[in-house]
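Structural overview
Chain by chain, the residues run as shown.
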Amino acid sequence: MSGVTKRKHVLREMLEDDYELPKDGQQIVRIIASRGNNLHEVETADTETENFLVTMPTKFRKSVWVKRGDFILVEPIEEGDKVKAEICKILTAEHIKEYIKAGIWPECFKKDDNVPNGRYASNYVKKSCDETVEQFKEQFSEPRRLSPNRNRPNLLAAFEDESTSSEDDS
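Summarised in this report is the structure supplied together with it.

Criteria and thresholds
Along every chain, residues carry numbers that run from 1 in the direction the sequence is written. Whole-chain, interface and lining totals are the exception, using all residues; otherwise, since this is a predicted model, local features are given only for residues with pLDDT of at least 70 and side-chain atom pairs are given and counted only at 80 or more. Only hydrogens and water are set aside; all other atoms, that is, all heavy atoms of the structure, feed into the side-chain values. Only DSSP runs of H or I with at least four residues qualify as helices, and only runs of E with at least two residues qualify as strands; both kinds are numbered from the N terminus onward. Note on classification: 1.4 Å probe, protein chains only; a residue is buried when its accessible area is under 20% of the maximum for its type, exposed when over 50%, partly exposed between these limits. Pairs of residues are marked as contacts when any of their non-hydrogen atoms sit within 4.5 Å. Using a 1.4 Å probe, the Shrake-Rupley method yields the accessible areas, and only the shown protein chains count as cover for residues. Polar contact criterion, stated in full: a pair of N or O atoms within 3.5 Å, where within protein one must be able to donate a hydrogen and the other to accept it, and residues adjacent in sequence count only if both atoms are side-chain atoms. Only buried residues count toward a nonpolar core. Its members are Ala, Val, Leu, Ile, Met, Phe, Trp, Tyr and Cys residues joined through side-chain atoms within 4.5 Å. Think of it as the arc spanned by the lines of direction from the helix axis to the C-beta atoms. In this description, strands pair whenever DSSP reports at least two bridges between them. To obtain an axis, a line is fitted to C-alpha atoms, over the contacting stretch when the element is a helix, and the angle between two such axes runs from 0 to 180 degrees between their N-to-C directions.

Time to look at the overall build of the chain. A count of helices and strands for the chain gives four helices and five strands. Order of helices (α) and strands (β) in the chain, N terminus to C terminus: α-β-β-β-β-β-α-α-α. For the chain, the proportion of its 170 residues judged to be buried stands at 26%. For the chain, the share of sequence-separated contacts (at least 6 apart) that also reach a separation of at least 24 residues comes to 56%. Within the structure as shown, the chain displays about 12,800 Å² of accessible surface, and the carbon and sulfur contribution to it stands at 49%.

Our next topic: the environment of Arg35. Relative to the helices and strands, Arg35 resides in strand S1 (residues 27–36). Each residue touching Arg35, except ones within four places of it in the same chain, is listed here: His40, Glu41 and Leu53. At 2.3 Å, the side chain of Arg35 forms a polar contact with the side chain of Glu41.

Next up on the list: the side chain of Thr55. With respect to the helices and strands, the residue Thr55 is situated in strand S3 (residues 52–55). Setting aside anything within four residues of it in sequence, one finds Thr55 in contact with Asn38, Leu39, Arg61, Val83, Ala85, Glu86 and Ile87.

Proteins that are soluble and globular tend to have nonpolar side chains buried together. Val42, Val54, Ile72, Val74 and Ile87 are the most contacted members of the largest nonpolar core, which has 15 residues in total. For this core, the secondary structure elements donating two or more residues are S1, S3, strand S4 (71–76) and strand S5 (83–90). Looking at which element gives the most residues to this core, the answer is S5, with three residues. Of all hydrophobic cores here, the second largest spans nine residues; its members include Leu91, Ile96, Tyr99 and Cys108.

In this section: helix H2 (residues 93–102). Three or more residues of H2 are buried, namely His95, Ile96 and Tyr99. In a view along the axis of H2, the buried residues occupy a sector of 100°, so they form one face of it. When the buried face of H2 is taken as reference, the exposed residues oriented beyond 90 degrees from it are Lys97 and Lys101.

What follows concerns the environment of Leu39. Tracing the backbone through its elements, the reader meets Leu39 in strand S2 (residues 39–44). Taking the C-alpha atoms as reference, Leu39 lies 5.6 Å from Val54; in sequence the two are 15 residues apart. Residues contacting Leu39, with those up to four places away along its chain left out, are Ser34, Leu53, Val54, Thr55 and Val83.

Turning next to the sheet that holds S1. The strand order around the closed barrel built from five strands is S1-S2-S3-S5-S4, with neighbouring strands paired in mixed fashion. Here the strands of the sheet are splayed against their neighbours by 55° on average, with no regard to which way each runs. Summarising the sheet, S1 and S2 pair through six bridges and their orientation is antiparallel. Directly across from Ala33, in S2, lies its bridge partner Glu41.

The next thing to look at is the pairing of S1. Sheet topology places S1 next to S4; four bridges connect them, and they run antiparallel. Residue pairing across strands places Arg30 opposite Phe71, the latter belonging to S4. The antiparallel hairpin formed by S1 and S2 contains two residues in its connecting segment, where Asn37 sits at a positive phi of about 55°.

Right, let's talk about the pairing of S4 for a bit. Pairing analysis gives five bridges linking S4 to S5, with the strands arranged antiparallel. For Ile72, the partnering residue across the bridge sits in S5 and is Ile90. The turn linking S4 back onto S5 is made up of six residues, and Gly80 within it adopts a positive phi angle of 95°.

Honestly, it's all geometry; don't read function into it.
In structure tokens form, the structure reads like this:
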């Protein structure tokens, strides 16, 4: 199977509408930071548990990306002291909606204040976008004259100087 075909199947598997609920041992976590070598530091819904590392399986590498604030479903692994789990599924907004409907979404992940960089914190994103739009409108509401670009020669001034000097010569 070629690399392109493999990536296509992995993406199709990830984006399927198979909103399966987490099985025994699987848990929902949020990515805090990327640590390199396909390792990500995550936090759980349980505040007493310290953060730990998860690994991205080989099939997801080079075809699926995650960033800080994304939610994932992980499955614990036995080997390793620092790396305690492996990513099973990357949760999309639709998955999160289904988990909330099913009543299995952790309460601490529902708060918008708790998710500053989350991709799916729609209320947070909407608030910050509205504030940015208001700031933009205030800044550019009145017409202003742009400052001249100092990286380019002022051709108009050079042209005016030539025309005045040629008039003086005649």
